[in-house]
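Breakdown of the fold
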Amino acid sequence: MNKVDLAPDVGADLSVMRRDAAARRDDRPTLFTDLSTVAGAAPVAGWIRGQLAR
């Protein structure tokens, strides 16, 4: 889920979002991040690279 940095500004509860995502995705992985920064994008890019390498 992108834009977690905006959650406080819009009243979103990340713990509720995490719980709901896990329930909907049958416990497949979810990543909460802010893709507007290199630090936030790095885990996503790493996961994509890993998938492509498989």
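This brings us to the pattern of salt bridges. Applying the stated criterion across every chain yields a total of one salt bridge. For arginine 19, the salt bridge goes to aspartate 20, with nearest N and O atoms at 3.0 Å. By relative accessible area, aspartate 20 is classed as partly exposed at 36%.

Now for the side chain of aspartate 34. Mapped onto the secondary structure, aspartate 34 falls in the loop between α2 (14-24) and α3 (38-53). Salt bridges are absent for the buried aspartate 34, whose nearest opposite-charge side chain, lysine 3, sits at 4.2 Å.

With that out of the way, let us pick up a nonpolar patch on the surface. A cluster of nonpolar side chains, Trp47, Ile48 and Leu52, forms an exposed patch at the surface whose accessible area comes to about 380 Å². The residue isoleucine 48 is located in helix α3 in this model. Take isoleucine 48: its relative accessible area is 41%, and that puts it in the partly exposed class.

Looking now at the environment of arginine 54. Take arginine 54: it is sitting in the segment after α3. The class for arginine 54 is exposed, based on a relative accessible area of 77%. Linking arginine 54 and aspartate 13, residues 41 residues apart in sequence, is a C-alpha distance of 34 Å. Polar side-chain contacts of arginine 54 include one of 3.2 Å to the side chain of glutamine 51.

Cut-offs and rules
- Residues numbered from 1 in each chain as written.
- Predicted model: local features only at pLDDT ≥ 70, side-chain atom pairs only at ≥ 80, totals over all residues.
- Heavy atoms only, no water.
- Salt bridge = Lys/Arg side-chain N within 4 Å of Asp/Glu carboxyl O.
- Buried < 20%, exposed > 50% of the residue type's maximum accessible area, 1.4 Å probe, protein only.
- Helix = DSSP H or I, 4+ residues; strand = E, 2+ residues; numbered from the N terminus.
- Lys, Arg positive; Asp, Glu negative; His and termini not counted.
- Patch = residues over 30% accessible without salt bridge, like charges linked within 9 Å, V, L, I, M, F, W, Y side chains within 5 Å.
- Areas by Shrake-Rupley, 256 points an atom, 1.4 Å probe, with all protein chains shown as cover.
- Polar contact = N/O pair within 3.5 Å; in protein donor to acceptor, adjacent residues only side chain to side chain.

As far as function goes, none of this settles anything; it's purely spatial.
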